[in-house]
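# Overview (structure and organization)
Below, each chain spelled out in residue letters.
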Amino acid sequence: MQRRTLIILLVVGLAVLLLSARGIAHFVTDWYWFNALGYRTVFLTEVGTRVGLWIGGATVALVFLWLNLRVAQRGVAPHLVLRTSAGVTVALATLLRRMGWGVAAFLAAAMGTAASSAWLTLLKWRHAVPFGEADPVFGRDIGYYVFTLPAISAVLQFVVSLALLGLLVTLPVYILRRDIVGFRRRITIEPEAQMHLASLLALLLLAVAGTALFVSRPSLLFSTTGPLVGASYTDLVVRAPMFVVLAVVATVGAVVVIVGARSRQLVRNAAVAGGLYLGVFLLGTAAAAALQKFGVAPNELERERTQIARHIAATRRAWGLEAIQVRDLTGEATLTAADIAANQGTLRNVRLWDRAPLLQTFQQLQEIRTYYDFVSVDDDRYTVDGEYRQVLLSARELNPASLPTRNFINERLTYTHGMGLTLSPPNQVSPEGLPELLIKDLPPQSSVSLQVTQPRIYFGELAGGYVFVNTDQREFDYPMGDSTAFFVYDGAAGVRVGGLFRKLLFSLRFGSIDILLTDLIRPDSRVLFYRNIQERAARALPFLTWDADPYLVITDEGRLVWMLDGYTSSDRYPYAQPVGGGANYVRSSVKVVVDAYDGTVDAYLADPADPVVRTYGAIFEGIVHPMEDMPADIRRHVRWPSDLFRTQASLYTTYHMDDPNVFYAREDQWQIPASTTTGAGTDPFLRHIVMRLPGEPHEEYILMTPFTPRQKDNLAAWMVSRSDGEHYGELVVYRFPRQSLVFGPAQVSGRINQDTEISRQISLWDQRGSQVIRGNLLVIPIAEALLFVQALYLRAEGGQIPELRRVIVAYQNQVVMEETLEAAMARLFGGASAASAPRVLQAAVAAPGAATSPEVARAIREATAAWEAALTAQRAGDWGRYGDQMRIVGERLARLRDLVGGN
């Protein structure tokens, strides 16, 4: 019998080992990966905490359930037997003992798994950093709700589950023993069973009492029962006291149950305790509903004014809206030639190429081979040939799914990496209507000061599968006419393959027998996996959430790196408004740089004031570096993340109203205007722009969106996030006066559609076998005025390459369409500009003492000469020279004003 049992156990063990072999291989190779990447502390902290919690939770549950089963089995007579349907008799004591261990072990394993899933919750509680802010109701630090409350809730849930499982496993035992007998609607329970069951019920009631007092009551600060998120008037007046009463009732109920067991009245007393708890809960719920309907709803603003103020303040703090700077514009600004000249940096960076048509153009012109893909177009800024410029760039990544022959050698050993990128300015157009490419071809060739010296992309947005490098199979690098260039990887990325054991592990992990059988993979070969940059960063930093728009950066050394924005978040900020997946507190706390060649993951602390990231820093020591350690050439490309700005802008449409009365009435609510262009996608007015902000000395890289009043089309304000230098992270809102009319995008779009010349031209193109694609309408602030710019693309019928053929510019009541932005600007401002400077010069000449002043005469001559040169450049479309000459005009006019006393 023992030999047979041993054989069965051996077979079962082997089966379990085979079934779990792939999981074991995955676990071990993950350890290799974390160790090679330098993030072993993340792996060890997570695994160690999970294992510790599993062991602790399972041990507590096993001991608890085993003791309860032992108590329930006491006194079972050995001679009591059960007869099965097959006629076999089994001793009850033996049956209960065998089943008890199995049931207890299974349930304990499940409880251990549940406990291990709370590993990060408990670590955050243990290493919690206070916020330094108190909630307005209970006066606790916000960190209590973010870190401590979830841990308390997890522990109490564990206790509740234990008590319920204890009842679940002991009740059948007592029923089998016939210690619990039901007869004619009456339940009889033996005294010892009563005391045991009463203890479990008392434990359950005490856990329920703790949940009501320590979890449910403080969780009212996240309530949605009122008009807004947060504890409402009814919550504070009725529900908060109700949870205290429920805690007291549950505690008293625990005592009542124990007393009932001693007096052999367990069923009655348990029913009384449960009925009393349920009665208080129903009574409190009914009272809350009645107060809300008859006491609060008719006077909601008066009753909820304090709570509304708390909600506004908490939401503004949690989402960083309180730091937004507000600047008022006059709304009456008129652009002059001097304004145009002073903002040439803005005009030279107007983004005429939208991402969608530019991506299509890149794909048609620069993919070169079918197995290369451009996934997305990124915005960034560089100093190009000494000039601060916005650029649009896209990485040329390898897509294994498009290989002409797909097999193990091609997909895993030969075609291992992408090659280079394509880069163009946002508004330069060739005579054919195509973008001017500053970096292009294979290998990438640059016509400007930006150079790419290491163009190979082993890690990117598209790279997802595993590859082997340093093998006996040559790696494809790029096509060279009729031949092929090959490459030998010399980077440090990946995990060393090693001997047979490791090859077996990788074969199991990736489900490929070829890894084990091929002779091409050497012991010093390396396997690269987790090559998708977002997956790679998420594995290395599992406590962060990620912006959806990573972008490629060219370093000063010519290497390619990816920049990712990592968020810390919580759904436990009292009174704050949640967004999307439920988070109501988000900070852009970590910038992550992933090398496209080496795969290194470097994390930098972007917001050291964030208590959440400081807590994670205490948990995972040493993996997030100070921002000062980021290389300067990469730091110049840090930007405020798009997803967070989008959410902040959306919230600010409502939460710029900080007066409870105005907020409640939504008197001044804004909205982000909807697109008037078919197929424009989400947030068509959210744009990165290099521009000079009003009152600022030079151009900078910003992210911008306009606002219109709710259900209106005129412009109310526009919001920017600044990203350059010391201004990184600053949010600014520029407001127009409420009493003045400033045209919004929908109104300008309507005026464009009503322009007979533009409508006629578009209709003509559409009838000649071409498709007209209207670009997004751009809102371009110049000084305190606004320009609206829209590009028109033509795509031949059946063609795939959009060509930029016209540019529409709208300003105040004027709309013009020309082949280039420069020509459109010349039409709009040429006449007005030509007359403005002579008037100023004439006033200077007519000023007292001007004729006798050599300095005045010289300034007039220089200003006049510069003005004539500017007009010549304007007529020629040379806006760079135009801007230079206009700057001279401005300097000479300022000098003249000083000389003639401010006239």
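What counts and what doesn't
Residues numbered from 1 in each chain as written. Predicted model: local features only at pLDDT ≥ 70, side-chain atom pairs only at ≥ 80, totals over all residues. Heavy atoms only, no water. Helix = DSSP H or I, 4+ residues; strand = E, 2+ residues; numbered from the N terminus. Buried < 20%, exposed > 50% of the residue type's maximum accessible area, 1.4 Å probe, protein only. Contact = heavy atoms within 4.5 Å. Areas by Shrake-Rupley, 256 points an atom, 1.4 Å probe, with all protein chains shown as cover. Axes fitted to C-alpha atoms, helices over the stretch in contact; angles between N-to-C directions. Parallel < 35°, antiparallel > 145°, perpendicular 65-115°, else oblique. 1 Å grid on protein atoms, 1.4 Å probe; cavity = no way out; pocket = protein on both sides within 12 Å on 5 of 7 lines; lining within 4 Å. Points joined across faces, edges and corners; volume = space filled by probe spheres on them. Nonpolar A, V, L, I, M, F, W, Y, C, P; charged D, E, K, R; others polar. Core = buried A, V, L, I, M, F, W, Y, C linked by side-chain atoms within 4.5 Å. Pairing = 2+ DSSP bridges. Right-handed = clockwise from strand over helix to strand, strands pointing away. Salt bridge = Lys/Arg side-chain N within 4 Å of Asp/Glu carboxyl O. Arc of directions from axis to C-beta. Polar contact = N/O pair within 3.5 Å; in protein donor to acceptor, adjacent residues only side chain to side chain. Phe/Tyr/Trp six-rings, centres within 6.5 Å; stacked < 30°, edge-to-face > 60°. Patch = residues over 30% accessible without salt bridge, like charges linked within 9 Å, V, L, I, M, F, W, Y side chains within 5 Å. pLDDT = per-residue confidence, 0-100.

Our focus in this paragraph is the overall build of the protein. Helix and strand counts for the protein come out as 25 helices and 34 strands. Residues counted as buried form 50% of the 903 residues belonging to the protein. Summarising the internal contacts of the protein: among those between residues at least 6 apart in sequence, 66% fall at separations of at least 24. Of the roughly 40,600 Å² of accessible surface on the protein, a fraction of 56% belongs to carbon and sulfur atoms.

With respect to the helices and strands, Thr414 occurs in helix α13 (residues 408-414). Among the residues examined, Thr414 registers a relative accessible area of 7% and is labelled buried. Discounting chain neighbours no more than four positions away, the residues touching Thr414 are Ile409, Gln473, Arg474, Glu475 and Phe476.

Our focus in this paragraph is the packing of helix α4 (residues 119-126) against helix α17 (residues 611-619). Packing of α4 against α17 leaves a shortest axis separation of 9 Å and a crossing angle of 100 degrees. Classified by the angle their axes make, α4 and α17 are roughly perpendicular. Counted together, Leu120, Leu123 and Lys124 of α4 and Thr615, Tyr616 and Ile619 of α17 form the full contact between these two elements.

This part is about empty space enclosed by the protein. This structure, assessed with the given rule, holds 5 cavities of 30 Å³ or more. What lines the largest cavity is simply Gly226, Pro227, Leu228, Val229, Gly230, Ala231, Ser232, Glu304, Gln307, Ile308, His311 and Tyr575. Looking at the lining of the largest cavity, its residues break down into 6 nonpolar, 5 polar and 1 charged.

The next point concerns the environment of Gln885. Here Gln885 is to be found in helix α25 (residues 879-899). Of the residues examined, Gln885 reaches a relative accessible area of 12% and is grouped as buried. In this structure, the C-alpha to C-alpha distance between Gln885 and Ala865, residues 20 residues apart in sequence, is 9.0 Å. When sequence neighbours within four positions are dropped, the list of residues in contact with Gln885 reads Ala866, Ala869 and Ala870.

In terms of nonpolar packing, the biggest core is built from 125 residues, with Tyr39, Leu541 and Val592 touching the most fellow members. Looking at this core element by element, the count peaks at 7 residues for helix α5 (residues 142-176). Those residues in contact with Leu541 that lie beyond four places of it in its chain are Tyr39, Trp546, Val592, Ala603 and Ile623. Ranked by size, the runner-up nonpolar core spans 61 residues in total, among them Trp353, Leu693, Val748 and Val816.

As judged from the 5 bridges shared by strand β22 (residues 585-595) and strand β23 (residues 601-605), these two strands associate in the antiparallel manner. Bridge pairing in β23 links Lys591 to Tyr604. Inspection of the sheet shows β23 paired to strand β24 (residues 624-626) by 3 bridges, in the parallel sense. Each residue of the ladder has a partner; that of Tyr604, found in β24, is His625. Read as a crossover between parallel neighbours, the route from β23 over α17 to β24 is right-handed.

Most of strand β21 (residues 560-570) is tucked away: 10 of the 11 residues are buried. The pairing of strand β19 (residues 545-546) with β21 spans 2 bridges and is classified as antiparallel. Considered in β21, the bridge of Thr545 is made with Tyr567. Direction of pairing for strand β20 (residues 551-554) relative to β21: antiparallel, over a ladder of 4 bridges.

All told, the structure shown has 31 salt bridges when counted by the stated rule. Here Asp477 ties to Arg456 by a salt bridge, and the two come within 2.8 Å at their closest N and O atoms. Separated by 21 residues along the polypeptide, Asp477 in strand β15 (residues 475-480) and Arg456 in strand β13 (residues 456-457) bring together distant segments of the chain. Several salt bridges converge on common partners, so that one network encompasses Arg327, Glu696, Glu700, Arg722 and Glu730.

Apart from glycine, the bulk of residues carry a negative phi angle, and the bulk of peptide bonds sit in the trans form. Residue Pro443 follows Leu442 across a cis peptide bond; omega there is -15 degrees. Topologically, Pro443 is positioned in the loop between β11 (439-440) and β12 (445-446). Positive phi is not limited to glycine here, since Ile368 has a value of about 70 degrees. When its relative accessible area of 39% is taken as the criterion, Ile368 is described as partly exposed. You will see that Asp385, though not glycine, has its phi angle at about 50 degrees, which is positive.

Right, let's talk about α4 for a bit. Of all the positions in α4, only Trp119, Leu120, Leu123 and Lys124 are classed as buried. Angularly, the buried residues of α4 cover 125 degrees about the axis, an arc narrow enough to put them on a single face.

As a further point, take the sheet that holds strand β17 (residues 495-496). Taken in spatial order, the 3 strands line up as β14-β18-β17 in an open sheet, and their pairing is antiparallel. Two strands lie at the open edges of the sheet, namely β14 (467-469) and β17, each paired on one side alone. Sheet topology places β14 next to strand β18 (residues 526-528); 3 bridges connect them, and they run antiparallel. Bridge pairing links Val469 to Arg526 in β18.

Let's shift gears to the environment of Gln577. Along the chain, Gln577 falls in the loop between β21 and β22. Between the C-alpha atom of Gln577 and that of Ala314, which follows or precedes it by 263 residues, the distance is 8.1 Å.

What follows is about helix α16 (residues 533-540). Listed in full, the buried residues belonging to α16 are Ile533, Arg536, Ala537 and Ala540. Take α16 and look down its axis: the buried residues cluster within an arc of 95 degrees, on one side only. Put simply, Asn532 is the residue that caps the front of α16, since its side-chain oxygen is 3.1 Å from the backbone nitrogen of Gln534.

Turning our attention to the packing of aromatic side chains. Taken as a whole and judged by the stated rule, the model has 35 aromatic pairs. An angle of 45 degrees between the planes, with centres 5.5 Å apart, marks the rings of Trp31 and Phe43 as tilted. Of the two residues, Trp31 sits in helix α1 (residues 2-37) while Phe43 sits in helix α2 (residues 40-73), which places them 12 residues apart along the sequence. Geometrically, the ring pair formed by Tyr458 and Tyr597 is edge-to-face, given 5.6 Å between the ring centres and 70 degrees between the ring planes. Taken together, the residues span a long stretch of sequence, with Tyr458 in the loop between β13 and β14 and Tyr597 in the loop between β22 and β23 at a distance of 139 residues. Taking relative accessible area as the criterion, Tyr597 reaches 3% and is therefore assigned buried. One aromatic cluster is present, built from ring pairs that chain together Phe27, Trp31, Trp33, Phe34, Phe43, Tyr466, Phe468, Phe506, Phe510, Phe529 and Tyr530.

Next up on the list: a nonpolar patch on the surface. Residues Val51, Trp54 and Ile55 make up a contiguous nonpolar surface patch of roughly 260 Å² in combined accessible area. Within the secondary structure, Ile55 sits in helix α2. On the basis of relative accessible area, Ile55 is assigned to the partly exposed category, the value being 45%.

Our next topic: the environment of Asp884. In this fold, Asp884 is placed in helix α25. Each C-alpha atom of the pair Asp884 and Ala341 lies 7.6 Å from the other, and the pair is 543 residues apart in sequence.

Another aspect to go through is the side chain of Thr653. On the secondary structure map, Thr653 appears in helix α19 (residues 642-655). Exposure remark for Thr653: the relative accessible area of 7% places this residue in the buried category.

Glancing now at the confidence of the model for the protein. With 89% of its residues at a pLDDT of at least 70, the protein reaches an overall mean of 87. Across residues 831-836, confidence stays below pLDDT 50; counting only partners more than four residues off in sequence or on other chains, it has 7 contacts.

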